[in-house]
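Observations on chain architecture
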Protein chains: 2
Amino acid sequence: MTTVDQKKLEMSDAVLADKLREVGLRPTRQRMALADILLSQGKRHITAESLYSEATSQGVNVSLATIYNALHTFTAKGLLREISIDSNRSYFDTNTEEHHHFYFEKSGKLEDIEPDHVKLARVPDAPDGMSISRVDVVIRVDG
Amino acid sequence: MTTVDQKKLEMSDAVLADKLREVGLRPTRQRMALADILLSQGKRHITAESLYSEATSQGVNVSLATIYNALHTFTAKGLLREISIDSNRSYFDTNTEEHHHFYFEKSGKLEDIEPDHVKLARVPDAPDGMSISRVDVVIRVDG
DNA sequence: AAGCAGTCTAGAATTATTCTAATCTTATGG
DNA sequence: CCATAAGATTAGAATAATTCTAGACTGCTT
Ligand SMILES: [Mn+2]
Ligand SMILES: [Mn+2]
Ligand SMILES: [Zn+2]
Ligand SMILES: [Zn+2]
């Protein structure tokens with residue numbers, strides 16, 4: 001509410017807008033609102049529907065098409081990472097650093113694994129002239 | 001074509017039927033046909049649609065609902081394993097032994113990794129009283 | 001301020017999957 | 001064997017998730 005707080009918010013917006021511009025995306029009203037939800041809080045695992053609900057409940061009016069557009073363009077630009085659990089459950093991860101996941105089969109929730117708690121001793125070479133773009137480890141837990 | 005071959009086929013059917021009964025499934029006509037496609041050939045990565053096409057093109061008349069029923073019950077009984085790549089691409093793996101995969105982003109194909117080519121040095125403990133039901137490693141390759 | 005490329009949107013369309021409810025089949029056991 | 005019940009199959013409807021379309025709108029460059 002103070003001038004200081006307002007300044008912080010404005011800075012934050014400027015930072016967000018820069019983050020978008022850096023990857024070649026225009027900081028439009030909708031993208032800024034979604035980027036705020038997605039990128040200016042802690043690391044999260046979000047679905048299209050949960051992002052839509054969250055935006056809507058914050059009074060951000062955005063169409064579902066825009067939600068999908070944003071999730072996919074953000075992912076393509078490296079601001080998000082997609083993690084698919086099964087044919088009806090796909091998450092977008094706001095943590096784009098290399099890390100792995102627990103998946104709780106009962107609750108359907110994903111949880112980051114501490115980086116040093118999982119370690120690959122051996123990773124195969126990619127075939128031919130191909131290269132590895134990502135390694136995903138999902139540890140399924142029955143509880 | 002010979003008597004021997006016919007006997008082999010009959011044996012194979014008997015073996016298949018037993019495999020189904022062993023896990024508590026009735027060896028119905030449709031399931032036998034699908035189990036034949038799924039379980040009596042080499043290890044494969046199959047989608048609902050590809051199984052449907054394959055069955056249909058072999059003259060096996062089976063509804064898509066039965067395809068999904070079979071894939072899910074087989075999976076629940078441990079005869080198959082499901083691997084989800086993204087929200088629109090889910091495979092069923094006829095290889096249920098512990099193993100990991102390459103995913104070729106361009107072609108959309110999955111390929112088994114030689115078991116000794118990937119090794120986890122460190123796997124975290126499951127939280128609480130939970131236990132790890134499976135560890136999936138998918139190595140994405142851009143080619 | 002003008003113009004263009006990029007973006008947004010509502011709603012339709014598509015795709016994947018599941019459900020429903022009627023019909024059919026396998027296993028059982030008398 | 002045959003009756004029966006539990007389990008399985010099916011067509012088609014329904015649902016859910018995602019993508020497409022085409023027109024309106026806006027951020028950015030000049
Ligand atoms: Mn679905
Ligand atoms: Mn889909
Ligand atoms: Zn994560
Ligand atoms: Zn495999």
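Below you will find a few notes about this structure.

**What about the overall build of chain A?**
- Counting its secondary structure elements, chain A contains 4 helices and 7 strands.
- Counting from the amino terminus, chain A carries its helices and strands in the arrangement α-α-β-α-α-β-β-β-β-β-β.
- Projecting the C-alpha coordinates of chain A onto the three principal axes gives extents of approximately 55 × 40 × 30 Å.
- Counting over 143 residues, chain A shows a buried share of 39%.
- Of the roughly 8,200 Å² that chain A leaves accessible, carbon and sulfur atoms contribute 48%.
- Computed over 18 positive and 22 negative side-chain charges, the inter-centroid distance for chain A is 4 Å.

**Side note on the relation of the copies chain B and chain A**
- Here chain B sits on chain A after a turn of 179° about the axis and a move of 0.0 Å along it, with an RMSD of 0.1 Å. Taken together, the rotation and translation relating the two chain copies correspond to the operation of a two-fold axis.
- A shared binding surface is used by both copies, with 100% of the interface residues of chain B retained as interface residues in chain A.

**As for the coordination of the zinc ion (ligand 3)**
All names here are of chain A.
- Taken together, His45 (NE2), Asp93 (OD), His99 (NE2), His101 (NE2) and Asp112 (OD) make up the protein donors of the zinc ion (ligand 3), found 2.0 to 2.3 Å from the metal.
- Each donor residue of the zinc ion (ligand 3) belongs to the same chain, and together they define the spacing H-x47-D-x5-H-x1-H-x10-D. Across this residue pair, the class does not change: Asp93 and His101 are buried.

**Some words on the layout of surface pockets**
- Size it by volume and the largest pocket reaches roughly 320 Å³.
- Lining the largest pocket we find 13 residues, and of these Asp86, Glu105 and Arg140 of chain A together with Glu82 and Arg134 of chain B sit closest to its centre.
- Mapped onto the lining of the largest pocket, the elements with two or more residues apiece are strand E2 (81-86) of chain A together with strand E2 (81-86) and strand E7 (132-141) of chain B.
- If one sorts the elements of the lining of the largest pocket by residue count, E2 of chain B sits on top with 3 residues.
- Looking at the lining of the largest pocket residue by residue, the classes come out as 3 nonpolar, 3 polar and 7 charged.

The rules behind each value
- Residues numbered from 1 in each chain as written.
- Chains lettered and ligands numbered in written order.
- Predicted model: local features only at pLDDT ≥ 70, side-chain atom pairs only at ≥ 80, totals over all residues.
- Heavy atoms only, no water.
- Helix = DSSP H or I, 4+ residues; strand = E, 2+ residues; numbered from the N terminus.
- Buried < 20%, exposed > 50% of the residue type's maximum accessible area, 1.4 Å probe, protein only.
- Areas by Shrake-Rupley, 256 points an atom, 1.4 Å probe, with all protein chains shown as cover.
- Lys, Arg positive; Asp, Glu negative; His and termini not counted.
- Charge placed at Lys NZ, Arg CZ, Asp CG, Glu CD.
- Least-squares fit on C-alpha atoms with pLDDT ≥ 70 in both.
- Contact = heavy atoms within 4.5 Å.
- Donors = N, O, S within 2.8 Å, 3.2 Å for Na, K, Ca; no water.
- 1 Å grid on protein atoms, 1.4 Å probe; cavity = no way out; pocket = protein on both sides within 12 Å on 5 of 7 lines; lining within 4 Å.
- Points joined across faces, edges and corners; volume = space filled by probe spheres on them.
- Nonpolar A, V, L, I, M, F, W, Y, C, P; charged D, E, K, R; others polar.

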